[in-house]
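Structural overview for review
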Amino acid sequence: MLRILNGEVYDPINGVNGEVRDICVQDGKVVADVQGGRTIDARGMVVMPGGVDMHAHIAGPKVNLARKMRPEDHRGDVMPRTPLTRSGVGGSVPSTFTTGYRYALMGYTTAFDAAVAPLGARHAHEEFLDTPIVDKGFFVLMGNNEFILQRLGAGERERVRDFAAWLLEATKAYAIKLVNPGGVELWKFRGNVHTIDDEVAGFGTTPRQIMQTMADVAMELGLPHRVHIHCNNLGIAGNWETTLETMKALDGRRAHLTHIQFHSYGGEPGGLFTSKVAELAEYVNTHPNLSVDVGQVMFGDTTSMTGDGPLGYLLYQVTGRKWANVDIETEEGCGIVPIEYKDKNYIHTTQWAIGLEWFLLVQDPWRIALTTDHPNGASFVAYPRIIRLLMDREFRREMMQKVHQKALAKTLLPELDREYSLYEIAIITRAGPARLLGLKHKGHLGVGADADITIYAKDEDREKMFATPRYVIKDGRVIVEDGHIREETYGRTFYVAPAYDQAIEAEIRDHFDKYYTLCFENYPVQLEHYLPQHEVVACG
Amino acid sequence: MQIDHVVCAFCGCVCDDLSVTVEDGRITQIKNACVLGKAWLQGHANHTDRPVARIDGQPATLEQAVDTAARLLAQARYPMIYGLSSTTCEAQRQAVALAEVLGGCIDCCTSVCHGPSGMALQGLGEPTCTLGEVKNRADLVVYWGSNPADSHPRHMARYAVTPKGMFTPRGRKDRTVVLVDVRPTPSARAADVFLQIRPGKDFEVLWALRALVKGQPVEEASLADTGLTLAQLTDLAERMKRARFGVLFIGQGLTQSRGKHMNTSAAFLLVRDLNAITKFALIPMRGHGNVTGIDAVMAWQTGFPFGVNLSLGYPRFNPGEFTMVDVLSRGEADAALIVASDPVANLPRAVGKRLAEIPTVALDTHESETTRVARVAFTTATAGIHVEGTVYRMDNVPIRLRQVLPSPYPSDEEVLRRLLARVKELKAC
């Protein structure tokens, strides 16, 4: 039992905008009233639901390969053990324990891994078992799955739907993720697609068809989260046309276009980027079926990790640094490259400005989420600084002094005066992502919500304020106080189990016999062993 | 009773298609297993006659042994935890937690097998793929310093040489197989091309191949000591460039011969270079059934795959400083916990000598040179026969082990959990 008294509450889902309210908690949930228990005097403090990160790379084979690949990333940033907490290392790809603690210390209580290959699902769940405090889940990759590509080529749309439902359940995943649909399949023989109408050679389908079908499938299965798309041509000058074509191809279907910053470039391939945010944001503003998260770039050293194998190779060619590529049988791929974003670099400045333009040009904050595509644009620990950039235009101007001026001058950023309010910040960091994910008990403080609550001491320096919350409450328990972990808990894993026609399983079994090196029977992730604390989120 | 889809945890192939028949609590028939898998199943299946633990050679209860072992470890100033390549990830996770509470070192068999591959990965990254992509796509398969016919008997038939896949419909006929080794091993019979390299010349040959792949001149005289000719290497380089999807499997002949991480780095660089021309992958031929898993667990818990020290309360990595052979042969460790491994039999003599001098605690499924010198030795159930759990195949694919038989012995995980709990009590933390 817990009472948080007299806080300035920002709870956008319930329309509460900075009013002084009491929040009562019992049995891990927000309740109308409670007698007794601990009280927290939150007078003069800001109370928000716990943060929700809807797109990060925090667990599974790709993340762990990046950890192995970057010992230099860990050495300078260690977290010693305490009597309560495990030790770990940070850097752009922190160890699992450090990942959970750092989210909690920043007031985030839910985080989703955005790209797990089905064959690596068991691995991702194992890492979740060692990721403390936060609730979590992952999106499973389907955009290059050969079973799906074959059925699309044969016009067997129903089978795609049944397979998708089977795969979500088998891997205990939360949503359908498409990464460079069609392109990663071709990358396995060193090819790629370049427009959404390029044929995926050998399969008789196209990225357009994959994206349209999977968007439909997500809706028909009633998944809580719409299809989550990493568009074709990420990171390539001129890719904004592909992004716009994708938006048009979705044609009213609900879809989330992720790390949109990386897909908003004008210019010619191989040349310098220009910003095309104005054109794309205008399309998003007028099409309520679409949502985006930003994938903000911040200056510094980080690690690019992606299911987009050909992109990984491109970044290796650009940076000349170390490069990992993993082709995953019949399913997907992966690329990893360390990258340093430099404030004096023309392209990096353009990317930084493009991300901020997205935040400032999308009118409806419910359809844009704050992400860095951790760790691709920057580590998630950069979120407080991004919040300051959005809330404080003087600070933004100060930062603009430090970047590549010619690049900056070609963007709209210097002309944008908008400042986010605390209410809007609460939307793009918790209420909005929770709603987009279809998590009805997250992202708000109404009666019945999970008691995941963050209490900030007010500070004009919004970076400082959001970096170190005064209290973080998870499931009604005070987990963080003044930057210290007070209790170690392990959150729940969310997954979906949509209904499907089980006749599909014979066909899947045959596919396994022919093309996999693992038995069909050994493939599904066992709930009791890998998700001891789970929650099935209802479909429909 | 026939149990299907049984997973073999013996070698890094982790074949998951075995069928095992159990009658009256004994294994009576094994299908699909190789000679090593059969021996593993038969050899480990039915021991029930040993005490669950021994203290100084005398039978003891589990509780007594846990208490004694925990005291020995908790008193130590610089304990070493080692082994872990033939147990489950669930046990490995407990072992890392224990190392942290003890403030000692934790290292695994990787440091004496594919540690140099891990170090090449740290320096260069790794272009790789899962074994199913080899099955579905590879038209050129090169084994270098590896003898799969003996060490991974089903590797060629199940994954790399004969299977038919999506883009390799004719199986063996669609592939060229090359073997590079210092002697014609039994694997040479399966190869289209066998290149007999002089011992210790791997780096030179790989470097010459890099030059040839890049179209740079190589002088015949520079190859004089390698045992190979310019014509042979030119032929191999051309085959590599022509391949649509090539794979280089590297074994301990490369990783543990003179040059070690320089050899592996040369191999990684060759494969990286080849990706400018075609698609090429590299896969280390990991030996033990879950040596890949301990690398994975240590990486996600500590950030580093082997050779980790936790004395300062946080993970530090330094092969040569915190690795088993080095710490023990320098006489630094003052206690040791060995899990599912036999370093006294397999590592340099100085290691065994030191393990006999200091309080050593050993967990193993059977008696070994190491359990004999251990002050406290636990008999544990065999992962994959008696206990379930997770293992990672050599290509990092995680697979759940099945239980075939019951066992009177506890799992490694259970013993490690109890040790951890007791050590925490003793250290009051």
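1. Concerning the overall build of chain A
Within chain A one finds 19 helices and 26 strands. Taken over C-alpha atoms, the radius of gyration comes to 22 Å for chain A, in line with the 24 Å a tight globule of 540 residues would show. Counting all 540 residues of chain A, 64% fall into the buried class. Of the contacts formed within chain A by residues at least 6 apart in sequence, a portion of 77% connects residues at least 24 apart.

2. Side note on the overall build of chain B
Looking only at helices and strands, one finds 17 helices and 20 strands in chain B. Whereas a compact globule of 429 residues would reach a radius of gyration of roughly 22 Å, chain B reaches 23 Å, a difference of no more than 12%. Judged by the C-alpha coordinates and their principal axes, chain B covers about 65 × 50 × 30 Å. Buried positions account for 61% of the 429 residues belonging to chain B. When contacts within chain B are restricted to residue pairs at least 6 apart in sequence, long-range pairs at least 24 apart make up 69% of them.

3. A few points about the interface of chain B and chain A
If you look at the interface, chain B gives 54 residues, while chain A gives 47 residues. Elements represented by at least two residues in the side of chain B that touches chain A include exactly helix H3 (89-102), helix H4 (115-124), strand E8 (127-129), helix H5 (131-137), helix H7 (155-160), strand E13 (279-284), helix H12 (291-302) and strand E20 (398-401) of chain B. Sorting elements by how many residues they give to the side of chain B that touches chain A places H5(B) first, with 6 residues. Residue classes in the side of chain B that touches chain A are distributed as 24 nonpolar, 17 polar and 13 charged. Sheet analysis places strand E18 (residues 324-328) of chain A next to E8(B), joined by 3 bridges and oriented parallel. When the sheet's bridge partners are listed, A:Val326 is paired in E8(B) with B:Thr128.

4. Quick look at the nonpolar core
A general feature of soluble globular proteins is that nonpolar side chains tend to end up buried together. By size, the foremost hydrophobic cluster in this structure holds 332 residues, and its most contacted members are A:Val140, A:Ile176, B:Leu98 and B:Ala267. If you count residues domain by domain, this core takes at least three from each of domain 1 (50-111 + 290-427) and domain 2 (115-284) of chain B. Setting aside residues no more than four positions away along its own chain, B:Ala267 makes contact with B:Trp144, B:Leu206, B:Leu248, B:Ile250, B:Leu254 and B:Leu282.

5. A look at the domain arrangement of chain B
Residue and element names in this part refer to chain B. Looking at chain B, the domain boundaries give domain 1 (50-111 + 290-427) and domain 2 (115-284). One C-alpha centre belongs to domain 1, the other to domain 2, and the line joining them spans 34 Å. At the interface, 9 residues of domain 1 touch 7 residues of domain 2. Along the lines of polarity and charge, the residues of the side of domain 1 that touches domain 2 split into 5 nonpolar, 2 polar and 2 charged.

6. A look at the packing of helix H5 (residues 146-153) of chain A against helix H6 (residues 157-171) of chain A
Residue and element names in this part refer to chain A. Axis separation between H5 and H6 bottoms out at 8 Å; the angle between their running directions is 165 degrees. As judged from the angle between their axes, H5 and H6 are roughly antiparallel. Remark: the crossing between H5 and H6 carries left-handed chirality. From H5, Phe147, Ile148, Arg151 and Leu152 reach across to H6, where they touch Arg159, Val160 and Phe163.

7. Some words on the sheet that holds strand E19 (residues 332-341) of chain A
Ordered in space as E17(A)-E19(A)-E18(A)-E8(B), the 4 strands form an open sheet in which the pairing is mixed. Whereas interior strands pair on both sides, the edge strands pair on one side only; in this sheet they are strand E17 (300-306) of chain A together with E8 of chain B. Geometrically, the sheet is characterised by an average inter-axis angle of 15 degrees between neighbouring strands, direction not taken into account. The pairing of E17(A) with E19(A) spans 7 bridges and is classified as antiparallel.

8. Points about unusual backbone geometry
Here the residue pair A:His374 and A:Pro375 is connected by a cis peptide bond, since its omega of -5 degrees sits within 30 degrees of zero. Mapped onto the fold, A:Pro375 is located in the loop between strand E20 (368-369) and helix H13 (383-391). With a phi angle near 65 degrees, A:Asn233 is a residue other than glycine that sits in the positive phi range. Its location among the elements puts A:Asn233 in the loop between strand E12 (227-230) and helix H9 (240-250). One non-glycine residue, B:Lys260, lies in the positive phi region at around 35 degrees.

9. Describing helix H15 (residues 349-357) of chain B
Residues and elements named next belong to chain B. Looking at H15, one finds that the buried residues are Val351, Gly352, Arg354 and Leu355. The buried residues of H15 occupy one face: seen down the axis, they fall within an arc of 165 degrees. Packed against the buried residues of H15 are helix H13 (324-329), strand E16 (335-339), helix H14 (343-346), strand E17 (360-364) and helix H16 (369-373).

10. A short note on the sheet that holds strand E9 (residues 140-144) of chain B
All names here are of chain B. What the 5 strands build is an open sheet, ordered E11-E10-E9-E12-E13; its pairing is parallel. The open sheet is flanked by strand E11 (193-196) and E13, the only strands paired with a single partner. Each strand axis lies, on average, 15 degrees off the axis of its neighbour in the sheet, ignoring direction. Both strand E12 (residues 245-250) and E13 contribute to a ladder of 6 bridges, which runs parallel. When the bridges of E13 are listed, Phe249 appears paired with Ile283.

What counts and what doesn't
Residues numbered from 1 in each chain as written. Chains lettered and ligands numbered in written order. Predicted model: local features only at pLDDT ≥ 70, side-chain atom pairs only at ≥ 80, totals over all residues. Helix = DSSP H or I, 4+ residues; strand = E, 2+ residues; numbered from the N terminus. Rg over C-alpha atoms; globule rule 2.2 N^0.38 Å. Buried ≥ 20, exposed ≤ 12 C-beta atoms within 10 Å, placed from the backbone. Contact = placed C-beta atoms within 7 Å. Nonpolar A, V, L, I, M, F, W, Y, C, P; charged D, E, K, R; others polar. Pairing = 2+ DSSP bridges. Core = buried A, V, L, I, M, F, W, Y, C linked by C-beta atoms within 7 Å. Domains from an automatic or database assignment. Axes fitted to C-alpha atoms, helices over the stretch in contact; angles between N-to-C directions. Parallel < 35°, antiparallel > 145°, perpendicular 65-115°, else oblique. Left-handed = near helix turned anticlockwise from the far one by under 90°. Arc of directions from axis to C-beta.

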